[in-house]
Amino acid sequence: MKLIDKEKRKISSGYISLRRRRINWSLHIRQKILDTCNQFSDKALKDSYPFRLTCYSDSQNPNAESIQYKVGINYTGIEHKETKISEDGSVQRSRKLIIEKDCALIFSQMPCGRVMVLLYPYKSEVHQRSEENIILHYALEPEKFTEKFINKTIEKCLFYARMSSVVGFAGGSNWRDYMKLNWYKFGDLRAKQARVKSMTSLRNEWWKIIVTIALTLTMTLIAQSFGVSGN
């Protein structure tokens, strides 16, 4: 009976937390993110920022919404030309302009009501970063999304857009840029999990070595003990 009462309190607390997070998202945080993103877009347009910025919300899935801040498609300056000769001898020529796309900042509402923030790099047929995306933040409480926090997050998106774009990194990057980029990757949830797994594996290996040494010493002492008693 005590277990039932204990679990009941925990579940009731979960209902309250879930409802609080979802209400905060739908009534306050969602619109705050949209407004801040649109302010950045207006400023970028006014200052002739070379990449187009657009923001929209996927509100078709209540309590599982996402906000996408998209960085515009760019022409890389590369063309793929192809010439084909058909059976009747006619020549068909075609060309394809290579573009980079899919760069975005995503605010995703998780099932638990918390929010995950992801960065997606530019991708093209001729260039793509090694990581598919970066989990910038994971399972944040909606209250964390102050205007200052959202501004900093968007700034990280614009930096990542430049670093992943053929057009962006063609102008050159310094060691500070690479340190900042590696720091984002270092903080990715999957990188953290990999480090924990690696450390756990390392500890297990050390425990195996320690146990092996301890058993060896024990067996040696036993053997020496029997040897002494035997003499």
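Each remark here, short or long, concerns the structure printed above.
Residues numbered from 1 in each chain as written. Predicted model: local features only at pLDDT ≥ 70, side-chain atom pairs only at ≥ 80, totals over all residues. Heavy atoms only, no water.

1. Side note on the environment of E125
So, step 1. With respect to the helices and strands, the residue E125 is situated in the loop between β6 (115-120) and β7 (134-140).
So, step 2. What makes E125 exposed here is its relative accessible area of 52%.
So, step 3. Once the C-alpha coordinates of E125 and E100 are considered, the two residues, 25 residues apart in sequence, prove to be 7.8 Å apart.
So, step 4. In this view, E125 contacts H80, K96 and I98; residues no more than four positions away in its chain are not counted. (Helix = DSSP H or I, 4+ residues; strand = E, 2+ residues; numbered from the N terminus. Buried < 20%, exposed > 50% of the residue type's maximum accessible area, 1.4 Å probe, protein only. Contact = heavy atoms within 4.5 Å.)

2. Side note on the packing of aromatic side chains
So, step 1. Scanning all chains against the criterion turns up six aromatic pairs.
So, step 2. Relative to F149, the ring of F145 has its centre 5.3 Å away and its plane inclined at 85 degrees; by these criteria the two rings are edge-to-face. Both residues of the pair, F145 and F149, count as buried.
So, step 3. When the centroid spacing of 5.6 Å and the interplanar angle of 20 degrees are considered together, the rings of W183 and F186 count as stacked. Residue W183 and its partner F186 are both found in helix α4 (residues 175-186); the two are separated by three residues, about one turn of the helix.
So, step 4. A relative accessible area of 42% means that F186 is categorised as partly exposed.
So, step 5. An aromatic cluster is present here, built from Y49, F51 and Y122 joined pairwise through their rings.
So, step 6. When the ring centre of F159 is taken as reference, the NZ or CZ atom of K180 above it lies at 4.6 Å. (Phe/Tyr/Trp six-rings, centres within 6.5 Å; stacked < 30°, edge-to-face > 60°. Lys NZ or Arg CZ within 6 Å of the ring centre and 35° of its normal.)

3. Brief notes about the layout of surface pockets
So, step 1. In this structure, the largest pocket occupies an estimated 230 Å³ of space.
So, step 2. Lining of the largest pocket is provided by I135, L136, H137, Y138, K156, W183, Y184, F186, G187, L189 and K192.
So, step 3. Elements represented by at least two residues in the lining of the largest pocket include exactly β7, α4 and α5 (189-230).
So, step 4. With four residues, β7 is the largest single contributor of residues to the lining of the largest pocket.
So, step 5. Of the residues belonging to the lining of the largest pocket, the class tally is seven nonpolar, two polar and two charged. (1 Å grid on protein atoms, 1.4 Å probe; cavity = no way out; pocket = protein on both sides within 12 Å on 5 of 7 lines; lining within 4 Å. Points joined across faces, edges and corners; volume = space filled by probe spheres on them. Nonpolar A, V, L, I, M, F, W, Y, C, P; charged D, E, K, R; others polar.)

4. Re the environment of S41
So, step 1. Residue position: S41 is located in helix α1 (residues 2-46).
So, step 2. On the basis of relative accessible area, S41 is assigned to the buried category, the value being 13%.
So, step 3. Apart from the residues within four sequence positions on either side, S41 is in contact with L53, T54 and Y69.
So, step 4. Of the polar contacts made by the side chain of S41, one reaches the side chain of Y69; its length is 3.0 Å. (Polar contact = N/O pair within 3.5 Å; in protein donor to acceptor, adjacent residues only side chain to side chain.)

5. What about the pattern of salt bridges?
So, step 1. Tallied over the full model, the rule gives 13 salt bridges.
So, step 2. Ionic pairing is found between E79 and R95, a salt bridge with its closest N-O pair at 3.1 Å. Placement of the pair is E79 in strand β3 (residues 74-85) and R95 in strand β4 (residues 91-100), with a sequence separation of 16 residues.
So, step 3. Classification of E79 by relative accessible area gives partly exposed; the value is 31%.
So, step 4. With relative accessibility at 58%, the residue R95 sits in the exposed group.
So, step 5. The shortest N-O distance in the salt bridge between R114 and E141 comes to 3.1 Å. Placement of R114 in the loop between β5 (104-109) and β6 and of E141 in the loop between β7 and α2 (147-164) is noted, with a sequence separation of 27 residues between them.
So, step 6. With a relative accessible area of 25%, R114 lands in the partly exposed category.
So, step 7. Take E141: its relative accessible area is 24%, and that puts it in the partly exposed class.
So, step 8. Each of the salt bridges in this network shares a partner with another, and the network as a whole consists of R20, R21, R114, E141 and E143. (Salt bridge = Lys/Arg side-chain N within 4 Å of Asp/Glu carboxyl O.)

6. Let's talk about α4
So, step 1. Compared with the 16 Å implied by 1.5 Å per residue over twelve residues, the 16 Å span of α4 between its first and last C-alpha is a close match.
So, step 2. Contacts made by the buried residues of α4 are with β7 and α2.
So, step 3. At the N-terminal boundary of α4, the capping side chain belongs to N174, with an oxygen 3.0 Å from the backbone nitrogen of R176. (Expected span 1.5 Å × (residues − 1).)

7. Re the pairing of β5
Regular strands place side chains that alternate from one sheet face to the opposite one.
So, step 1. Of all six residues in β5, five are buried, a share of seventy percent or more.
So, step 2. Hairpin connection, β5 to β6: the antiparallel pair is bridged by five residues, and G113 has positive phi, about 95 degrees. (Pairing = 2+ DSSP bridges.)

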